[in-house]
Amino acid sequence: MTQDMEISRGVDKLATLEKAIAKKEPNNGALYYEVASLFLRICNRQSRALQICTSMLQKCVQLQPQNASFICELGYAYILQGNYSQSLKHYRDASKRDSNNLSAIEGMIMSQILQGEYEDAEAQIELISVMQSGDEDDITAEYSFIQSLLAFHSSQTHKRNLKLHLEHLEACKGKLLSTYSNTVKYGPGHSATPLVMTNGGNVHSNHVVGGSCGLRNELMFLNPDLLFQVGASYLFHLEPTT
């Protein structure tokens with residue numbers, strides 16, 4: 001799907017993989033999650049791929065209805081499909097199950113922004129600020145991107161906020177690239193055991209480096225879909241050429 005650009009063939013393989021999991025590991029919610037969360041980020045919002053990933057994530061939630069990370073990822077799938085009311089519903093549901101889940105709050109804010117509910121989104125931003133306690137290491141790329149969207153909306157009435165919008169975009173790009181770099185590059189004498197963070201913020205050690213698992217970790221941290229959104233925002237501000 002990503003290397004040969006054979007989208008339809010790649011999606012067919014993804015559908016085959018879903019069927020294989022359903023046959024061999026029907027109760028393995030974690031496996032459904034691992035597959036779906038990766039392809040959500042690399043499928044370039046191809047509609048059939050999104051539908052397959054959504055189906056897998058729905059099975060995750062059915063298997064573990066109290067798992068906030070699974071519910072958050074399903075909310076993310078709905079965002080990518082443009083179904084913001086469903087995404088907001090699932091992120092709220094995840095937040096009820098885990099009030100400290102940062103991804104749930106970020107997802108709610110993003111859903112509200114995309115629905116034009118800017119005042120509600122601004123109110124939720126304050127909650128994230130309290131949770132992060134001003135520690136820059138806790139600030140995610142998603143949070144910086146959310147701030148850039150809110151600043152851009154405000155710039156329509158307060159032009160000075162356009163500069164703030166670009167600053168938050170730069171912070172988002174920097175966070176994505178630095179997190180990616182720190183995760184996949186190791187100097188001499190360093191342990192090659194990266195930490196893998198799920199969308200729900202749960203961290204665990206992954207002792208498999210390189211190969212398909214290593215590549216998955218790289219793509220999850222870089223999040224090509226979010227990086228594309230950042231790039232599109234930069235392109236919006238380019239001066240037209242003659």
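Refer to the structure above for everything that follows.
Before going into details, it helps to say that this report is about the structure given with it.

Basis of the calculations
- Residues numbered from 1 in each chain as written.
- Predicted model: local features only at pLDDT ≥ 70, side-chain atom pairs only at ≥ 80, totals over all residues.
- Heavy atoms only, no water.
- Helix = DSSP H or I, 4+ residues; strand = E, 2+ residues; numbered from the N terminus.
- Buried < 20%, exposed > 50% of the residue type's maximum accessible area, 1.4 Å probe, protein only.
- Contact = heavy atoms within 4.5 Å.
- Expected span 1.5 Å × (residues − 1).
- Polar contact = N/O pair within 3.5 Å; in protein donor to acceptor, adjacent residues only side chain to side chain.
- Axes fitted to C-alpha atoms, helices over the stretch in contact; angles between N-to-C directions.
- Parallel < 35°, antiparallel > 145°, perpendicular 65-115°, else oblique.
- Left-handed = near helix turned anticlockwise from the far one by under 90°.
- Nonpolar A, V, L, I, M, F, W, Y, C, P; charged D, E, K, R; others polar.
- Core = buried A, V, L, I, M, F, W, Y, C linked by side-chain atoms within 4.5 Å.
- Phe/Tyr/Trp six-rings, centres within 6.5 Å; stacked < 30°, edge-to-face > 60°.

1. Observations concerning the overall build of the chain
Then comes step 1: Each helix and strand in the chain was counted, giving eleven helices and two strands.
Then comes step 2: The N-to-C order of helical and strand elements in the chain reads α-α-α-α-α-α-α-α-α-β-β-α-α.
Then comes step 3: Counting every position in the chain, which comprises 242 residues, the buried fraction comes to 42%.
Then comes step 4: The contacts in the chain between residues at least 6 apart in sequence include a share of 58% that link residues at least 24 apart.

2. A few points about helix H4 (residues 68-80)
Then comes step 1: With 13 residues, H4 ought to run about 18 Å at 1.5 Å a step, and its terminal C-alpha atoms sit 19 Å apart, in line with that.
Then comes step 2: Most of H4 is tucked away, with 13 of its 13 residues classed as buried.
Then comes step 3: One side-chain oxygen of the residue at the start of H4 lies 3.0 Å from the amide nitrogen of Ser69, identifying that residue as Asn67.
Then comes step 4: Phi for Gly82, located one or two positions after H4, is positive at around 80°.

3. Examining the packing of helix H5 (residues 84-97) against helix H6 (residues 102-114)
Then comes step 1: Where H5 meets H6, the axes come as close as 8 Å, and the angle between the chain directions of the two elements is 155°. By the angle between their axes, H5 is roughly antiparallel relative to H6. Considering how the two elements wind past one another, H5 and H6 form a crossing that is left-handed. For the pair formed by H5 and H6, the contact residues are Tyr84, Ser87, Leu88, Tyr91, Arg92, Ala94 and Ser95 on the first element and Ser103, Ala104, Gly107, Met108, Ser111, Gln112 and Leu114 on the second.
Then comes step 2: In terms of residue class, the contact of H5 with H6 is built from seven nonpolar, six polar and one charged.

4. Brief notes about the environment of Glu122
Then comes step 1: Looking at the element boundaries, Glu122 is found in helix H7 (residues 118-132).
Then comes step 2: For Glu122, a relative accessible area of 36% corresponds to the partly exposed category.
Then comes step 3: C-alpha of Glu122 to C-alpha of Gln112: the two residues are ten residues apart in sequence and 9.5 Å apart in space.
Then comes step 4: Beyond its immediate chain neighbours, meaning those up to four positions away, Glu122 contacts Leu150 and Ser154.

5. Structural notes on the nonpolar core
Then comes step 1: Judged by nonpolar contacts, the single largest core of 55 residues is most densely connected at Leu14, Leu40, Leu57 and Ile109.
Then comes step 2: At ten residues, H4 tops the list of elements feeding residues into this core.
Then comes step 3: Apart from the residues lying within four places of it in its own chain, the contact partners of Leu14 are Val35, Phe39, Ala49, Ile52, Cys53 and Met56.

6. Quick look at the environment of Thr179
Then comes step 1: Of note, Thr179 is situated in helix H9 (residues 161-184).
Then comes step 2: Residues Thr179 and Phe221, 42 residues apart in the sequence, show an inter-C-alpha distance of 6.7 Å.

7. Focus on the packing of H4 against H5
Working note: a packed helix pair is described by the angle between its axes plus the distance between those axes.
Then comes step 1: Here H4 crosses H5 at 165°, and the two axes come no closer than 8 Å. Accordingly, the angle class assigned to the pair H4 and H5 is roughly antiparallel. Every pair of crossing elements has a handedness; the one defined by H4 and H5 is left-handed. Mapping the contact onto sequence places Ala68, Ile71, Cys72, Leu74, Gly75, Tyr76, Tyr78 and Ile79 in H4 and Tyr84, Gln86, Ser87, His90, Tyr91, Asp93, Ala94 and Arg97 in H5.
Then comes step 2: When grouped by side-chain class, the residues that make up the contact of H4 with H5 number ten nonpolar, four polar and two charged.

8. Quick look at the packing of aromatic side chains
Then comes step 1: Scanning the entire structure with this criterion turns up two aromatic pairs.
Then comes step 2: Pairing Phe152 with Phe236 gives two aromatic rings, centres 5.6 Å apart and planes at 90°, and the pair type is edge-to-face. One end of the pair, Phe152, is in helix H8 (residues 141-155); the other, Phe236, is in helix H11 (residues 224-236), with 84 residues separating them in the sequence.

By themselves, these figures tell us nothing about what the structure is for.
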